[in-house]
Amino acid sequence: MSTLFDPDEPTDSRPMIVHDGPGGFPAVSTPSGTPAGGPGLPGGLPGGGAWAGGDSLLDGLNPEQREAVEYRGPALLIVAGAGSGKTRVLTHRIAGLIGSREAWPSQILAITFTNKAAAEMRERVGALLGQAATGMWISTFHSACVRILRAEAERAGLSSTFTIYDSADSRNVLKRIIKELSADTLGFTAAGVSNKISKLKNELADADSYARNANLSDPQELMFIEIFRQYTRRLRAAQALDFDDLLAETVYLFRAFPATAALYQRRFRHILVDEYQDTNHAQYSFIKELTRPIEPHIVAELGTAGHHVRSLQDASGAIPGASLTVVGDSDQSIYAFRGADIRNIVEFERDYPGAKVVLLEQNYRSTQNILSAANAVISNNFDRKDKKLWTAVGDGAKIIGYTGYSGHDEAQFIADEIEKLHAEGVAYRDIAVFYRTNAQTRALEEIFVRAALPYRVVGGTKFYERAEIKDAMAYLIAVANPADELALRRILNTPKRGIGPATETQLASFAEANGISFRQAMRDAGSLGMGPKVTGAILKLAKLLDEAALMLDPENPAGVSSVSEVLGFLLTESTLLEVLRGSRDPQDETRAENVEELLAQTKDFVKENPDAGLIDFLTQVSLVAAADDLDDSSGTVSLMTLHTAKGLEYDSVFLTGIEEGLLPHQMSASEPGGPAEERRLFYVGITRARKRLYLSLAMTRAQFGETNVAMPSRYLQEIPGDLIEWRQSPGMANSRGGTQPRALNARRDGFGSRGGSGSGSERFGGELPPAPKPKTEWANRVTAQVRDNGDLTLEAGDRIRHVDFGEGRVNQVTGEGTKRIAHVQFDTAGAKKLLIKIAPIEKI
DNA sequence: TTCTATTGGCTTTTT
DNA sequence: GCCAATAGAA
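Residues numbered from 1 in each chain as written. Chains lettered and ligands numbered in written order. Predicted model: local features only at pLDDT ≥ 70, side-chain atom pairs only at ≥ 80, totals over all residues. Heavy atoms only, no water.

- Going by an unreviewed UniProt entry, chain A carries the name DNA 3'-5' helicase and comes from Microterricola viridarii.
- Taken directly from UniProt, the Sequence similarities (unreviewed entry) text for chain A runs: "Belongs to the helicase family. UvrD subfamily." (UniProt positions renumbered as here; feature names shortened; annotations may be inferred.)

Quick look at the structure:
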């Protein structure tokens, strides 16, 4: 073990202890102590010699991957097809930079889109380097920005305790503004405005810059600008930033204060960005600012301020821009709707002249059949660089296709197939079901619950979006950031304390009239002349918050309490938990459990981050994403949207709802480039599968409680027919139950009539789906009502009748209480597992 | 003020 | 077919 000098934080230079890592990191200190990156350093790794134990970083990499790991220069673009091992390349590249002593860990900034990707990268770099990984910034765009903004809050004109508003919070604020301005009469909705503002902020526009280019004679435009202004003002007043502000404010900060930017430009010498195709303009600018060279006079300033600059300077006294590595695949760009600009990656070479480009096309994930399907689909997108994924692992199983009569029938097929796979030894955790819209989960969940299939929905209504969690969090936010009016209003009458909207308005106008904060107005409620009961309630709440704030005050002689202690105090004193527990609404029981879960989470947080405070906890919660809480070790099938599936992989993948109107989605049709983006989405879904891929659709789809006819997706015919084995093709599904006359359908030309290769005529049975009549004869019709069989007892040998599957014999009963499962051999429908409590069955 | 009943509006994807 | 917002009654 030895002590190395490391120019760690931009504001101070602390020595750092480097331990011998398990990988045998050589703890040899360089007396000069400056492996500072940048030009002038010898390229390449010192012959793998930096790696004890002889296992070179390059072992097991193909030539292109090696090149991507070894290349040294100002800019590198790695075009990485799906499953081509890009995370491996990135982590090895980072490990190489550090292992060869070209860079200190603290000089590395690796950016990903999700916390999960960041965690995985951190873990893998850690495995390669051991403890030496400490000090690196491996984080998402958003958390990197939060970190910078909190550190530089004063410069940015913010409180370092600023709150982060999620989209629901923003919409709440907008809703109030729209109501106050009566903008709803002009057709403004909170969601619509929120979208537009978000788009503008992603383009680094604000209300003023937008107003400059707007047509001011248009009342709609004028109103929008007014809403935008008010919104900005209110967030400022509440010391709050929305998601888009985090990026934009950081860029503004860097542009306004070159010396502040220089701190980070000096520190981060190697910047790596994952999923570059999904960057929007703000994110692009953030990276652009960070890689900007530092001018000599600012370098001199830094030097005088005691920052370590000498070894970084070039002949002119400037510090050259950091080296930038970006990884991406324009075929996997699926966030254009959120402002992602594919040009960022397409024009990278023009943007960073002299950039090196490495192409990774060998796929290590999927079988050739899956890749062929993916290639075939994506090749229909013109204006793309041709790129063909290939693999050495062989064809593998065919893609399985299935057309259900309804969404429930489709779900039943999936449940059955999953059980089959499981019986063959595929673990549940290696199976995933993808869909385009969250609404599709309903049918899947209904069937999965009945089939007693262990599953979990990734994303969807997230834990932290639940009302009761937001309530509890609002208490914490109100303590951390007293300026946050939104949080205060939220908890004002939760739990019910008799403070209605009338009182709320009174408080707000009192605050405005006297130029005090809402919180102060609450403290002064006594002088408002309201009823004693209401006044008392307000004062009690204000006192509670003040007491909680005191618990966190570093000046408090009683010592500083932890986040969990404060939350526990707030929950008890506010009686929030007590009220939920005592409620007669059965759902409140779950809500109470959720709040208790939150409390448990704060305890874990405190344990894992002993030095972190309330603000750190709130930040972490604000930035967790859907895919982040994905627990790989859990033995459950994962359900998620195609969007959250990006970056993940599973042995067996079910792509559901491959129908017109769903994929491509109705809404995308009107947008320019919409259908192409939807195709990429389909491509992303296909390429998640390692061994088995299932494509399923339904002939009718319930939507808004009405069943509508669904047509096979146009993308389906782009897959060569011989790659798919149809268990039930759209044509077969259609001809079920005899030959009824077929309705001519608009999409006829797409299917069957086109001469496909080989099995072309097989593909959809040659004909198109008719408009199916909602008949009860369909298999697996599921009634929406939740059945309750009460304490129906079954045991092996019993015969039962199932609404859909007919009669069968119970082979075995497993599980306990409400989770008892009957394993039934049906006479005609085969073997099924059923959850006894709710399955539509009766004993005979 | 709070609880209940009814309506209306809605669904694309998310850091 | 669900949720949230609204209106009306206690």
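Picking up after the structure, the text goes on.
**Regarding the overall build of chain A**
- For chain A, the count of helices and strands is 31 helices and 24 strands.
- In chain A, which comprises 844 residues, the proportion classed as buried is 53%.
- In the structure as shown, chain A presents an accessible area of about 37000 Å², 51% of it carried by carbon and sulfur atoms. (Helix = DSSP H or I, 4+ residues; strand = E, 2+ residues; numbered from the N terminus. Buried < 20%, exposed > 50% of the residue type's maximum accessible area, 1.4 Å probe, protein only. Areas by Shrake-Rupley, 256 points an atom, 1.4 Å probe, with all protein chains shown as cover.)

**Remarks on the packing of aromatic side chains**
- As enumerated under the stated definition, the model contains 18 aromatic pairs in all.
- Seen in terms of ring centroids, F254 and F286 are 6.2 Å apart; in terms of plane orientation they differ by 10 degrees. Their pairing is stacked. You can see F254 sitting in helix 10 (residues 243-256) and its partner F286 sitting in helix 12 (residues 281-290), a full 32 residues away along the chain. Note on accessibility: F254 and F286 belong to one class, buried.
- Residues F448 and Y455 carry aromatic rings whose centres are separated by 5.8 Å and whose planes lie at 70 degrees to one another, so their mutual orientation is edge-to-face.
- The exposure class of F448 is buried, given its relative accessible area of 0%. (Phe/Tyr/Trp six-rings, centres within 6.5 Å; stacked < 30°, edge-to-face > 60°.)

**Looking at the pattern of salt bridges**
- Scanning all chains against the criterion turns up 48 salt bridges.
- As a salt-bridge pair, D651 and K691 come within 3.4 Å of each other at their nearest N and O atoms. Placement of D651 in strand 15 (residues 650-655) and of K691 in strand 16 (residues 689-698) is noted, with a sequence separation of 40 residues between them.
- By relative accessible area, which is 13% here, D651 ends up buried.
- Among the ionic pairs, R701 bridges to E659, the shortest N-O distance being 2.4 Å. Of this pair, R701 sits in strand 17 (residues 700-703) while E659 is found in the loop between strand 15 and helix 29 (674-686), placing the two residues 42 residues apart along the sequence. (Salt bridge = Lys/Arg side-chain N within 4 Å of Asp/Glu carboxyl O.)

**Brief notes about the pairing of strand 21 (residues 806-814)**
- Bridge count between strand 20 (residues 799-802) and strand 21: four bridges; the pairing is antiparallel. Looking at the pairing, R799 lines up with R809 of strand 21.
- Here strand 20 folds back onto strand 21, and the loop between the two strands holds three residues. (Pairing = 2+ DSSP bridges.)

**Structural notes on the environment of E154**
- Here E154 lies in helix 5 (residues 153-156).
- Residue class for E154 comes out exposed when judged on its relative accessible area of 78%.
- With 185 residues separating them along the chain, E154 and G339 place their C-alpha atoms 29 Å apart.

**Let's talk about the protein's contact with DNA strand B**
- In the neighbourhood of DNA strand B, 27 residues make up the surrounding shell, with R436, G498, T503, T641 and E671 lying closest.
- In the model, a base oxygen of DNA strand B is placed 2.3 Å from a nitrogen or oxygen of the R436 side chain.
- N493 has a polar side-chain atom sitting 3.2 Å from a phosphate oxygen of DNA strand B.
- Elements supplying a minimum of two residues to the surface near DNA strand B: helix 21 (501-514) and helix 28 (642-645).
- The residue inventory of the surface near DNA strand B, partitioned by class, reads 10 nonpolar, 11 polar and six charged. (Near = heavy atom within 4 Å. Polar contact = N/O pair within 3.5 Å; in protein donor to acceptor, adjacent residues only side chain to side chain. Nonpolar A, V, L, I, M, F, W, Y, C, P; charged D, E, K, R; others polar.)

**Side note on the domain arrangement of chain A**
- Along its sequence, chain A is carved into domain 1 (63-154 + 247-360), domain 2 (163-238), domain 3 (369-462 + 628-728), domain 4 (464-625) and domain 5 (798-843).
- Distance from the C-alpha centre of domain 1 to the C-alpha centre of domain 2: 32 Å.
- Contact residues are listed per partner, giving 13 residues for domain 1 and nine residues for domain 2.
- Three residues stand out in domain 1 for area buried against domain 2, namely Y252, H281 and A282, and they jointly supply 42% of the buried area on that side.
- Note that E249 and R236 form a salt bridge whose closest N and O atoms lie 3.5 Å from each other.
- Summed over the shared surface of domain 1 and domain 2, the result is five residue pairs in polar contact (both at pLDDT 80 or more).
- Looking at the side of domain 1 that touches domain 2 element by element, the count peaks at five residues for helix 10.
- Classifying every residue of the side of domain 1 that touches domain 2 by side-chain character gives six nonpolar, three polar and four charged. (Domains from an automatic or database assignment. Contact = heavy atoms within 4.5 Å. Buried area = accessible area lost by both parts, 1.4 Å probe.)

**Some words on the pairing of strand 3 (residues 75-80)**
- Among the six residues that make up strand 3, six are buried, leaving the element largely enclosed by the rest of the structure.
- The alternating pattern of strand 3 places A75, L77 and V79 on one face and L76, I78 and A80 on the opposite face, and all of these are buried.
- When strand 3 meets strand 9 (residues 323-328), the two strands line up parallel, connected through five bridges. Within strand 9, the position partnered with V79 by the bridge is G328.
- As paired strands, strand 3 and strand 10 (residues 356-360) are joined by five bridges and run parallel to one another. Note that in strand 10 the partner of V79 across the bridge is L359.

**Details of unusual backbone geometry**
- Here the amide bond leading from T494 into P495 is cis, since omega sits at -5 degrees, within 30 degrees of zero.
- Residue position: P495 is located in the loop between helix 20 (485-492) and helix 21.
- With an omega of 5 degrees, the peptide bond between L663 and P664 qualifies as cis.
- Take P664: it is sitting in the loop between strand 15 and helix 29.
- Notably, Q239 is not glycine yet its phi reads approximately 50 degrees, a positive angle.
- Looking at the secondary structure, you find Q239 in the loop between helix 9 (219-237) and strand 7 (240-242).
- Residue classification places Q239 among the partly exposed positions, given a relative accessible area of 22%.
- Phi is positive for A452, close to 55 degrees, though the residue is something other than glycine.
- Locating A452 in the fold gives a position in the loop between helix 18 (441-450) and strand 13 (455-457).
- You can call A452 buried: its relative accessible area is 16%.

**Let's talk about the sheet that holds strand 23 (residues 830-835)**
- Across the sheet, which stays open at both edges, the five strands sit in the order 23-22-21-20-24 with antiparallel pairing between neighbours. The sheet terminates laterally at strand 23 and strand 24 (841-843), the two strands that pair on one side only. Between one strand axis and the next, the sheet turns through 40 degrees on average, direction left out of account.
- By the bridge criterion, six bridges tie strand 22 (residues 821-826) to strand 23 in an arrangement that is antiparallel. By the bridge assignment for strand 23, H823 is matched with K833. (Axes fitted to C-alpha atoms, helices over the stretch in contact; angles between N-to-C directions.)

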